[in-house]
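Understanding the architecture of this molecule
Listed below are the residues making up each chain.
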Amino acid sequence: MIEMRVMGIALDTRSGSPIVVLNDTQNRRALPIWIGSAEASSIIRKIENIPSSRPMTHDLFLNFCKSTGYEITKIEINDVNEQTYFSSVYLYNNDLKKEIEIDARPSDAIAIAIRADVPIYVTENVLATGVVSTDTKKDEEEAQEFKNFIKDIKPSDFEKMMKNFESDQ
């Protein structure tokens, strides 16, 4: 699992649909997820600290959790199938020593996570399907380092490595 945070909301220039953009903690990778307008509005309201006179849906969910003794501990975006992302919200009740996992749309889970100030995690398989590099300079440096490393490898190096590996077993 990779911890991510909300970088912001963007608009798809072709369709006008909102996109929530998650960044990893090193700002190396971004994960764009297309979401609905209501969820985008909810996320933006929290990011920009725009108050609401009445509880919004995600606030209501948090209030319900607190009143029943549960606290939100994290969210996970844990699967993707045909460009549809899946996520879970994790709740914990300290009195009952019980954790509950609730299926949620990623947009709702993210809106809840930023309100509860809990981590947002994304699985490697999800990142493999939709992540975009945001640090091309660092990517190029690492690629050059790898090329330099490979350039100097000799077959005898693998022999030494295998002997070390076998002695560790």
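Residues numbered from 1 in each chain as written. Predicted model: local features only at pLDDT ≥ 70, side-chain atom pairs only at ≥ 80, totals over all residues. Heavy atoms only, no water.

In the annotation of an unreviewed UniProt entry, the entry for the chain reads Bifunctional nuclease family protein, and the organism field reads Candidatus Galligastranaerophilus intestinavium.

Looking at the packing of aromatic side chains
The geometry of an aromatic ring pair is captured by the separation of the ring centres together with the interplanar angle, meaning the angle of the planes. Short version of the rule: Ring pairs are drawn from Phe, Tyr and Trp, using the six-membered ring of Trp, whenever the two centres fall within 6.5 Å, and their geometry is named by plane angle: stacked under 30 degrees, edge-to-face over 60, tilted for the rest. Over a ring means this: the NZ of a Lys or the CZ of an Arg is within 6 Å of the ring centre and within 35 degrees of the ring normal.
Tallying each qualifying case throughout the model produces zero aromatic pairs. Directly above the ring of Tyr90 sits Lys74, whose terminal nitrogen or CZ lies 4.7 Å from the centroid.

Comments concerning the confidence of the model for the chain
For residues with low pLDDT, the predicted coordinates do not support detailed interpretation. Note the following rule: Every residue carries a pLDDT, the predictor's confidence in it, which falls somewhere between 0 and 100. Helix and strand definitions follow DSSP, with helices as H or I runs of at least four residues and strands as E runs of at least two, each counted in order from the N terminus.
Residue-level pLDDT values for the chain average 86, and 77% of them are 70 or greater. Within the chain, strand E7 (residues 120-122) carries the highest mean pLDDT (97), whereas helix H5 (residues 136-151) carries the lowest (60).

Quick notes on the pairing of strand E4 (residues 70-81)
Heads up, the condition is: Strand pairing is assigned whenever DSSP identifies at least 2 bridges connecting the two strands.
Both E4 and strand E5 (residues 84-93) contribute to a ladder of 10 bridges, which runs antiparallel. Bridge pairing links Ile72 to Leu91 in E5. Between E4 and E5, which follow one another and run antiparallel, lie two residues, and Glu82 among them has a positive phi close to 50 degrees. Of the pairings in the sheet, the one linking E4 to E7 comprises three bridges and is parallel in character. For Glu76, the partnering residue across the bridge sits in E7 and is Tyr121.

Focus: the side chain of Ser87
How we decide: Partly exposed describes any residue whose relative accessible area lies between the buried limit of under 20% and the exposed limit of over 50%, with all areas from a 1.4 Å probe on protein chains only and scaled to the type maximum. We define a polar contact as two N or O atoms separated by no more than 3.5 Å, with the added condition that, inside protein, one atom must be a possible hydrogen donor and the other a possible acceptor, whereas residues neighbouring each other in sequence contribute only through side-chain atom pairs.
Its place among the elements puts Ser87 in strand E5. Classification of Ser87 as buried rests on a relative accessible area of 1%. At 2.7 Å, the side chain of Ser87 forms a polar contact with the backbone oxygen of Ala104.

Some remarks on the pairing of E5
In the case of a regular strand, side chains alternate between the two sheet surfaces. Burial analysis of E5 places seven of its 10 residues in the buried class, the great majority of the element. Bridge count for E5 against strand E6 (residues 98-104) is seven bridges, and the pairing is antiparallel. From the neighbouring strand, Leu91 faces E6, where its bridge partner is Ile100.

Here we look at the packing of helix H1 (residues 37-47) against helix H3 (residues 106-116)
This is how the line gets drawn: Between the N-to-C directions of two axes lies an angle of 0 to 180 degrees, each axis being a line fitted to C-alpha atoms and, for a helix, fitted only over the stretch in contact. An angle counts as roughly parallel when it lies under 35 degrees, as roughly antiparallel when it exceeds 145, as roughly perpendicular when it falls between 65 and 115, and as oblique in every other case. Whether a crossing is left-handed or right-handed is set by the direction in which the near helix is turned from the far one by less than a right angle, anticlockwise for left-handed and clockwise for right-handed. Contacts were defined at the residue level, with two residues in contact if any of their heavy atoms lie within 4.5 Å.
Relative to each other, H1 and H3 sit at 15 degrees, their axes nearing to 9 Å. With respect to their mutual orientation, H1 and H3 come out roughly parallel. When you trace H1 past H3, the crossing you get is left-handed. In this structure, H1 uses Glu39, Ser42, Ile43, Lys46 and Ile47 to contact H3, whose residues at the interface are Ser107, Asp108, Ile110, Ala111, Ile114 and Arg115.

Structural notes on the layout of surface pockets
The following threshold applies: For cavity detection a 1 Å grid was placed over the protein atoms alone, and a set of points counts as a cavity when a 1.4 Å probe fits there but cannot get out; an open set counts as a pocket when protein lies on both sides within 12 Å along at least five of seven lines, with lining residues being those that have an atom within 4 Å of a point. Grid points are joined across faces, edges and corners, and a volume is the space filled by probe spheres set on the points. Residue polarity follows a fixed list, in which Ala, Val, Leu, Ile, Met, Phe, Trp, Tyr, Cys and Pro are nonpolar, Asp, Glu, Lys and Arg are charged, and the others, Gly among them, are polar.
What the largest pocket holds in volume is close to 260 Å³. Among the secondary structure elements, those contributing two or more residues to the lining of the largest pocket are strand E3 (29-34), E5 and H3. With three residues, the single largest contributor to the lining of the largest pocket is E3. Of the residues that constitute the lining of the largest pocket, the class distribution is six nonpolar, five polar and two charged.

A word on helix H2 (residues 57-67)
Rule in force here: Note that the arc is computed from the directions linking the helix axis to the C-beta atoms.
Three or more residues of H2 are buried, namely His58, Leu62 and Cys65. With its buried residues spanning 60 degrees around the axis, H2 presents them on a single face. Set apart from the buried face of H2 by more than 90 degrees, the exposed residues are Thr57, Leu60, Phe64 and Ser67. Elements in contact with the buried residues of H2: H1, E4, E5 and H3.

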